[in-house]
Amino acid sequence: MALCATAWGGWRLLCSLIAFVVQSRYVRKGTSKRMHQTRFAAYATVAYGLLVLAIVIALSVVYSGYGYDDPYITFRYTQNLIRGQGFVYNVGERVLSTTAAGYALLLAVPALIYPNLPLWGNVFSAVGLGLGAWSFYRLADQNGEPLLGAVAGLLLLTFPLCISTFGSEMCAYVGVALAGFRAYARQHPERALAWMAFATLIRPDGVLAAALIVGYHLVTERRIAWKAIAVYAALLLPWVAYATWAYGSPIPVTLAAKRAQGRMEISDSYLLGAWQMLASYLRRPVYWLYLALGGLGLWRLLRRGRQWWPLLLWTAGSFLAYAILDVSRYFWYYVHLVPGVVMAVSAGVQGVRTWVTRWPVGQRVQGALTVVLLIVLFWANVPGLRYSRTPP
């Protein structure tokens, strides 16, 4: 009961701050226009940044003891490294069996001071989600859609599937990749590919995100982003060279193992796992609201949200890549789909709000209806967040 009361109070505060962020970005004189140079704009950005920071700290504390088995492969690489026994799983055996080499190296930095690797893994997971939430908001804000960015970021921070992967590289990977997409939307392809290089070091899936940006740039700008490609290659080259020398290849051996496992009769395929996960969410009627808003939002994004297309392509491309690889289903393989989902849902919320503003009712009523909708969306995640407080 205490947890429910705390969660309820938290969601009320969260939705109130969202309303403040959104309403302080607009004036009510004629056509609504962005006011970047006003004090209200500055207050809104600071308020959202402080809210994200508070949630990141709260997640780091509340889920500090959470964990599951897969990240411990990466933790062992880090542990052997800081002990001076080499960047290996088994001392004396040069085999690359972690898909998160860059993440393992990142963990080694704070572990030199306080060697609690599961704790640092959870902290980096929370920080990764915070980076993703901030990137969502800033990208949407620059396009005059602060509500979309605020809701998408907060849904990302509180989505149960993301929290369930705490400790692993997945949340950090998603956050860094979203920072890359934000940089590209701001017309900084070199900076975007630099972010994607770091994402690739954290998890090799980043290659797909980088390739999508290069391909999208070629189609829309009619030229190859050679400087950006050079930045990406330069940042990756040292690791590729070392991994090739030390292990024979920069590709982890676990890829072949997971594909072989996916072909076993007792193993569920990635596609079947996706269907089962969707069905498990839809068993709770409140998630039908996610489905409806997501459909509406996807339609709006495809029609008028060109700045979001690279991220949508990343979501679809990641899903197709895993399906084609025919790997076995693991719940953390679906985390990279969450940004696309929460973005579509948030675009649906933006669409509903636009529709509500046409009603012959006061602004307070319009705002109240929007806040109620947000409370329902966030409250839907509470059972999943409570469940993740204990290891699976």
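What you are looking at is a predicted structure, and each value in this text was computed from that prediction instead of being measured.

A. Just the overall build of the protein, in detail. Across its full length, the protein carries 18 helices and zero strands. The burial tally for the protein puts 49% of its 392 residues in the buried class. Across the protein, contacts joining residues at least 24 apart in sequence account for 77% of those joining residues at least 6 apart. Accessible surface, the protein: about 18700 Å² in total, of which carbon and sulfur atoms supply 66%.

B. Highlighting helix α17 (residues 363–379). End to end, α17 covers 24 Å across 17 residues, agreeing with the expected 24 Å (1.5 Å per residue, within 8%). Taken together, the buried positions of α17 are occupied by Gln366, Gly367, Thr370, Leu373, Leu374, Ile375, Leu377 and Phe378.

C. Seen up close, empty space enclosed by the protein. Under the defined criterion, the tally for this structure stands at one cavity of 30 Å³ or more. Within this model, the largest cavity holds a volume of roughly 40 Å³. Around the largest cavity, the lining residues are Tyr66, Gly67, Tyr68, Pro71, Tyr72, Phe75, Pro118, Asn122, Phe166 and Gly167. Looking at the lining of the largest cavity, the elements that each hand over two or more residues are α3 (71–82) and α5 (117–142). Among the elements that make up the lining of the largest cavity, the one with the highest residue count is α3 (three residues). Residues that form the lining of the largest cavity fall into these classes: seven nonpolar, three polar and no charged.

D. Quick peek at the pattern of salt bridges. Within the structure shown, the criterion is met by five salt bridges. Residues Arg138 and Asp141 are paired through a salt bridge, measuring 3.7 Å at the closest nitrogen-oxygen approach. You can see Arg138 and its partner Asp141 sitting in helix α5, three residues apart, about one turn around the helix. Judged by its relative accessible area of 25%, Arg138 falls in the partly exposed class. Owing to a relative accessible area of 3%, Asp141 belongs among the buried residues under this scheme. Across the salt bridge formed by Arg203 and Asp205, the nearest N and O atoms sit 3.2 Å from each other. Salt bridges sharing common partners tie together Glu169, Arg203 and Asp205.

E. Molecular detail of the packing of helix α10 (residues 206–221) against helix α15 (residues 309–325). Running from N to C, α10 and α15 point in directions that differ by 130 degrees, and their axes come no closer than 10 Å. When the axes of α10 and α15 are compared, the pair comes out oblique. The handedness of the crossing between α10 and α15 comes out as right-handed. Across the interface between the two elements, Leu208, Ala209, Leu212 and Tyr216 of α10 pack against Trp309, Pro310, Leu313, Trp314, Gly317, Ser318 and Ala321 of α15. Of the residues belonging to the contact of α10 with α15, the class tally is nine nonpolar, two polar and no charged.

F. How the structure looks around the packing of aromatic side chains. Under the defined criterion, the tally for this structure stands at 30 aromatic pairs. Centroid distance Tyr68 to Phe331: 5.1 Å. Interplanar angle 55 degrees. Geometry classified as tilted. Linking Tyr68 in the loop between α2 (39–62) and α3 with Phe331 in the loop between α15 and α16 (338–356), this pair joins segments that are 263 residues apart in sequence. Relative to Tyr333, the ring of Tyr322 has its centre 5.0 Å away and its plane inclined at 55 degrees; by these criteria the two rings are tilted. Here the residue Tyr322 occupies a position in helix α15, and Tyr333 occupies one in the loop between α15 and α16, the gap between them amounting to eleven residues. Taken individually, Tyr322 and Tyr333 each receive the classification buried, so the pair is uniform in this respect.

G. Examining the confidence of the model for the protein more closely. With 88% of its residues at a pLDDT of 70 or more, the protein has an overall mean of 86. For the stretch residues 1–9, pLDDT sits under 50, and the model shows eight contacts to residues farther than four places along the chain or on other chains. Here residues 20–37 is modelled with pLDDT under 50, and outside its nearest four sequence neighbours on either side it reaches 42 contacts, counting other chains as well.

H. Expanded view of a nonpolar patch on the surface. Nonpolar side chains collect at one region of the surface, where Val46, Leu50, Leu53, Ile57, Val61 and Val62 lie side by side and expose about 550 Å² of accessible area between them. With respect to the helices and strands, the residue Val61 is situated in helix α2.

I. Region of interest: α10. Spanning 16 residues, α10 covers 22 Å between terminal C-alpha atoms, matching the ideal 22 Å at 1.5 Å per step. Those residues of α10 not exposed but buried are Gly206, Ala209, Ala210, Ile213, Tyr216 and His217. For α10, the buried positions fall inside an angular range of 130 degrees around the axis, keeping them on one side. Packing partners of the buried residues in α10 comprise α8 (170–185), α9 (189–202), α11 (226–247) and α15. One or two residues past the end of α10 sits Arg222, with phi positive at roughly 60 degrees.

J. Representation of the environment of Ile73 within the structure. Checked against the element boundaries, Ile73 lands in helix α3. Once the C-alpha coordinates of Ile73 and Ser168 are considered, the two residues, 95 residues apart in sequence, prove to be 9.7 Å apart. Apart from residues lying up to four places away in sequence, Ile73 is in contact with Tyr89, Ser97 and Thr98.

K. Inspection of the nonpolar core at higher detail. Formed by 95 residues in total, the largest nonpolar core has its most connected members in Phe136, Leu157, Phe166 and Trp308. With eleven residues, the top contributor of residues to this core is α8. Not counting residues within four places of it along the chain, the set of residues in contact with Phe136 comprises Gly149, Ala152, Gly153, Leu156, Leu178, Trp308, Leu311, Pro339, Val342 and Met343. Within the second largest apolar cluster, nine residues are counted, among which are Tyr77, Phe87, Leu96 and Ala246.

What counts and what doesn't
Residues numbered from 1 in each chain as written. Predicted model: local features only at pLDDT ≥ 70, side-chain atom pairs only at ≥ 80, totals over all residues. Heavy atoms only, no water. Helix = DSSP H or I, 4+ residues; strand = E, 2+ residues; numbered from the N terminus. Buried < 20%, exposed > 50% of the residue type's maximum accessible area, 1.4 Å probe, protein only. Contact = heavy atoms within 4.5 Å. Areas by Shrake-Rupley, 256 points an atom, 1.4 Å probe, with all protein chains shown as cover. Expected span 1.5 Å × (residues − 1). 1 Å grid on protein atoms, 1.4 Å probe; cavity = no way out; pocket = protein on both sides within 12 Å on 5 of 7 lines; lining within 4 Å. Points joined across faces, edges and corners; volume = space filled by probe spheres on them. Nonpolar A, V, L, I, M, F, W, Y, C, P; charged D, E, K, R; others polar. Salt bridge = Lys/Arg side-chain N within 4 Å of Asp/Glu carboxyl O. Axes fitted to C-alpha atoms, helices over the stretch in contact; angles between N-to-C directions. Parallel < 35°, antiparallel > 145°, perpendicular 65-115°, else oblique. Left-handed = near helix turned anticlockwise from the far one by under 90°. Phe/Tyr/Trp six-rings, centres within 6.5 Å; stacked < 30°, edge-to-face > 60°. pLDDT = per-residue confidence, 0-100. Patch = residues over 30% accessible without salt bridge, like charges linked within 9 Å, V, L, I, M, F, W, Y side chains within 5 Å. Arc of directions from axis to C-beta. Core = buried A, V, L, I, M, F, W, Y, C linked by side-chain atoms within 4.5 Å.

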